[in-house]
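Residues per chain are reported as follows:
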Amino acid sequence: MSWKDDGAGKLEIDGASVIFSGADGSKANAIWSVGGTGYWEVKVSGPPGTWVGVSSEDKFGAGYGMKGLFFGGPGNLSDGGSLVTGQWGPEFGNGDVIGMRLEQAGQRTTVAYSKNGSPLGVAFDIQNWTGSEFRPAVSMSDAGQSASITAGALPSLDSFGKSGSPREGVEGAWQGRFKLKIDKTGEGSWRFNAKAGNSMSCSVEEKDGSLTVGPIMSTKMMPPPHLQQLENEVTGLLGGLTSFQREGDNLVVEGNGLREVCQPDQGPGPATREQVNWMNK
């Protein structure tokens with residue numbers, strides 16, 4: 001068993017391992033030699049941005065010519081050529097292990113994921129569709145990215161149900177008066193993404209018990225009047241951030257004299273056939 005590349009000459013393959021060797025930003029794809037209903041774990045290396053999912057022999061191709069069902073990038077779902085669902089799950093990168101459960105039974109196909117053993121849920125629930133047998137596939141575009149695959153026993157679909165809260169730590173998606181997503185970018189460093197009218201993001205670093213917040217980047221749309229005050233408060237909260245920590249299942253964020261309590265955000269549910277462009281042509 002081995003990976004098969006897309007013929008673009010941008011990948012190095014060694015059995016169960018595939019390594020990106022092309023120019024940064026040029027997409028390269030690989031498909032596994034066996035598929036159908038099954039469970040696999042894909043260990044990724046290098047910077048975030050790898051996509052893990054399924055394709056078929058007749059839908060496999062180079063670049064954006066490959067069609068399938070994928071999870072990756074900043075945590076999105078894709079059909080290989082276009083966005084299906086934004087911010088479905090967490091970003092993943094160096095050292096992370098993505099578990100993927102594929103089941104094709106009659107006219108229904110489900111694809112569910114986990115990250116480092118923590119269930120993320122069912123990403124795709126495709127009904128009233130019959131097509132070719134799916135096989136694991138990956139897509140990469142940056143130097144240093146690689147993936148290795150191992151097969152395992154098929155777990156139950158129920159075991160991939162989302163936990164009521166993140167298993168540990170502060171990373172993940174949160175919901176309070178506004179949406180907040182925290183991604184760990186290194187030892188003592190994070191990326192905060194918040195949405196209250198406009199979308200805002202900033203880097204946060206911890207050193208010697210103190211937090212340093214980078215410039216706050218924001219979209220420039222005019223928010224509805226009822227969100228203007230909230231947006232100003234969130235901007236102040238992030239800009240003056242003094243602490244963020246778990247209290248039970250919740251996340252407490254403090255700064256600029258404000259204290260916000262956020263609950264785990266369960267996020268969007270599984271994507272359906274109607275959201276996958278190539279299945280509707």
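Residues numbered from 1 in each chain as written. Predicted model: local features only at pLDDT ≥ 70, side-chain atom pairs only at ≥ 80, totals over all residues. Heavy atoms only, no water.

Participant: How would you summarise the pattern of salt bridges if you had to cite specific residues and measurements?
Facilitator: Counting across every chain of the model gives 11 salt bridges. A salt bridge links arginine 101 to glutamate 103, with the shortest nitrogen-to-oxygen separation between them at 2.9 Å. The exposure class assigned to arginine 101 is buried, which follows from its relative accessible area of 5%. By relative accessible area, which is 27% here, glutamate 103 ends up partly exposed. Each of the salt bridges in this network shares a partner with another, and the network as a whole consists of Lys4, Glu57 and Arg135. (Salt bridge = Lys/Arg side-chain N within 4 Å of Asp/Glu carboxyl O. Buried < 20%, exposed > 50% of the residue type's maximum accessible area, 1.4 Å probe, protein only.)

Participant: Describe the layout of surface pockets, and please don't skip the residues or the numbers.
Facilitator: Gaps left between atoms are located by rolling a probe of water-molecule size over the structure's atoms. Reported here for the second largest pocket is a volume of approximately 210 Å³. In terms of lining, the second largest pocket is formed by 16 residues, of which the most central are Lys27, Trp51, Tyr64, Gly80 and Ser139. Here the lining of the second largest pocket is built from residues that sort into six nonpolar, eight polar and two charged. (1 Å grid on protein atoms, 1.4 Å probe; cavity = no way out; pocket = protein on both sides within 12 Å on 5 of 7 lines; lining within 4 Å. Points joined across faces, edges and corners; volume = space filled by probe spheres on them. Nonpolar A, V, L, I, M, F, W, Y, C, P; charged D, E, K, R; others polar.)

Participant: Provide a residue-level description of unusual backbone geometry, including the pertinent values.
Facilitator: What is expected of a backbone is that most residues other than glycine have negative phi and most peptide bonds are trans. For glutamine 87, which is not a glycine, the phi torsion comes out positive at approximately 50°. The residue glutamine 87 is located in the loop between strand S9 (83–85) and strand S10 (97–105) in this model. A relative accessible area of 53% means that glutamine 87 is categorised as exposed. Backbone geometry places asparagine 256, a non-glycine residue, at a positive phi of 55°. Following the sequence through the fold, asparagine 256 ends up in the loop between strand S22 (250–255) and strand S23 (258–264). (Helix = DSSP H or I, 4+ residues; strand = E, 2+ residues; numbered from the N terminus.)

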